[in-house]
Amino acid sequence: MNDLAHRFGRRRVDPEERTRLIRDVFRRVAPRYDLMNDLMSLGIHRYWKRVLVHEAEHAAPRRVLDLAGGTGDVAWKLARGDRAVDVCDPSLPMMQVGRRRGPANRIGWVGGCGERLPFRDQAFDLVTIAFGIRNVTHLDVTLQEIRRVLRPGGRLLCLEFSRPAPWLAPFYDLYSRLVIPRLGAWVSRNPDAYLYLIDSIRAFPDQETLAEHFRAAGFTGVRYHNLSFGIACIHQGVRPPGDAS
Ligand SMILES: C[S@@+](CC[C@H](N)C(=O)[O-])C[C@H]1O[C@@H](n2cnc3c(N)ncnc32)[C@H](O)[C@@H]1O
């Protein structure tokens, strides 16, 4: 979702209210968030995140920001050797769950949102964002902020739900509408929160449109590849090596 589509659930809301409602969604789902991910995706999100981490390792980054890191699912996989990994997320309940997953000193946990990152310019070699870009209220501002905190030549890797292949779309739609809210009700006792999830996926830009947003924010080498026939997609872009603004 982006500046063009301020939707929440079945109604339209203004950006501030949307931000508040999303905070509330993640506060409510935090305790069962990881379990719900496994159930809803039949474990496939683990494979998608492994692909993301594999791509990240190519860049051999020393300083990594996992934006919208939530419970640190990606960050914990990236925290190896002497690499410095920070999670940044506005949801303290999500990060509290994440902190309990491993030794306290491996990851930095920083409260903040994508639209206004609490980091200095050029602080990171790599920024990852997994299933988070859809939740920011101001997509283009967030992409600019990511570019600012990357060093020139640094890379953005973004894993997000996207537009599935046309043959798959009707089955995926049925599954989303029938199964996910029921799982949300049984396991997380938050069917509304999972209605938001489905709605936000539908409203989010498709693969090519998101790539255009990356380019407009000043990233070069923008490319993407689909996962599971486009149910998810990894986009990447590079802060131009000569860009020191
Ligand atoms: C679906 S979770 C993804 C968590 C984790 N990256 C993962 O893949 O499991 C989305 C996260 O985005 C965070 N979020 C919501 N609004 C945000 C914003 N404006 N800026 C950064 N993160 C945001 C939420 O708090 C939540 O933790």
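Keep in mind the model is a prediction, meaning the values are calculated, not measured.

Undergrad: Would you take a moment to explain the side chain of Thr137 for this structure?
TA: Positionally, Thr137 belongs in the loop between strand E6 (124-130) and helix H6 (139-149). We classify Thr137 as buried; its relative accessible area is 3%. One polar contact links Thr137 to Thr19, side chain to side chain, over a distance of 2.8 Å.

Undergrad: What's the story with the confidence of the model for the protein in this structure? I'm lost.
TA: The predicted coordinates should not be examined in detail at positions where pLDDT is low. When pLDDT is averaged across the protein, the result is 91; 95% of the residues are at 70 or more. The low-confidence segment residues 1-10 (pLDDT under 50) makes 37 contacts with residues lying over four places distant or belonging to another chain.

Undergrad: It is not clear to me how the packing of aromatic side chains should be interpreted in this structure. Could you clarify?
TA: A ring pair, where both rings are aromatic, is described by two values, the distance of the centres and the angle of the planes. Throughout the structure, instances matching the rule amount to 7 aromatic pairs. Arranged with centres 5.0 Å apart and planes meeting at 80 degrees, the rings of Phe119 and Phe124 form a pair that is edge-to-face. We classify Phe119 as buried; its relative accessible area is 13%. Given a relative accessible area of 3%, Phe124 falls into the buried group. Between the aromatic rings of Phe131 and Phe161, the centroid separation amounts to 4.7 Å while the plane-to-plane angle is 40 degrees, which identifies the pairing as tilted.

Undergrad: How should the pattern of salt bridges be read in this particular structure?
TA: Any two side chains of opposite charge can pair, so long as their charged atoms come close to each other. One pass over the structure, following the stated rule, counts 21 salt bridges. The partner of Arg28 in a salt bridge is Asp24, and the shortest N-O contact between them spans 3.2 Å. Here Asp24 and Arg28 lie together in helix H1 (residues 15-29), a separation of 4 residues that amounts to about one turn. A salt bridge links Asp73 to Lys49, with the nearest nitrogen and oxygen atoms 2.7 Å apart. Separated by 24 residues along the polypeptide, Asp73 in helix H4 (residues 73-78) and Lys49 in helix H3 (residues 44-58) bring together distant segments of the chain. Since its relative accessible area comes to 9%, Asp73 is described here as buried. Taking relative accessible area as the criterion, Lys49 reaches 3% and is therefore assigned buried. Several salt bridges share partner residues, and in doing so they unite Asp34, Lys49, Asp73, Lys77 and Arg101 into one network.

Undergrad: Looking at this model, I keep getting lost on the site of the ligand. Mind explaining?
TA: Taken together, 19 residues surround the ligand, and among them Ala68, Asp89, Gly114, Glu115 and Ala130 come closest. Contact distances for the ligand include 3.0 Å between an oxygen atom and a side-chain N or O atom of Tyr33. Taking 600 Å² as the accessible area of the ligand by itself, protein coverage stands at 97%. Residue composition of the shell around the ligand, by class: 10 nonpolar, 5 polar and 4 charged.

Undergrad: Just checking my understanding: could you explain the environment of Leu143 for this structure?
TA: For Leu143, the position within the fold is in helix H6. Residue classification places Leu143 among the buried positions, given a relative accessible area of 0%. Considered as a pair, Leu143 and Glu115 are 28 residues apart in the sequence and their alpha carbons are 8.1 Å apart. If near-sequence neighbours (up to four positions away) are discounted, Leu143 is found in contact with Ile133, Leu156, His213, Phe214, Ala217 and Phe219.

Undergrad: Before we go on, may I ask you to explain the side chain of Gln236 in this structure?
TA: Looking at where Gln236 falls in the secondary structure, it is placed in strand E9 (residues 232-238). There is a polar contact of 2.5 Å between the side chain of Gln236 and the side chain of Arg155. With residues up to four places along the chain from it excluded, the contact list for Gln236 reads Glu55, Arg155, Leu156, Leu157, Phe214, Gly221, Val222 and Arg223.

Cut-offs applied
Residues numbered from 1 in each chain as written. Predicted model: local features only at pLDDT ≥ 70, side-chain atom pairs only at ≥ 80, totals over all residues. Heavy atoms only, no water. Helix = DSSP H or I, 4+ residues; strand = E, 2+ residues; numbered from the N terminus. Buried < 20%, exposed > 50% of the residue type's maximum accessible area, 1.4 Å probe, protein only. Polar contact = N/O pair within 3.5 Å; in protein donor to acceptor, adjacent residues only side chain to side chain. pLDDT = per-residue confidence, 0-100. Contact = heavy atoms within 4.5 Å. Phe/Tyr/Trp six-rings, centres within 6.5 Å; stacked < 30°, edge-to-face > 60°. Salt bridge = Lys/Arg side-chain N within 4 Å of Asp/Glu carboxyl O. Near = heavy atom within 4 Å. Areas by Shrake-Rupley, 256 points an atom, 1.4 Å probe, with all protein chains shown as cover. Nonpolar A, V, L, I, M, F, W, Y, C, P; charged D, E, K, R; others polar.

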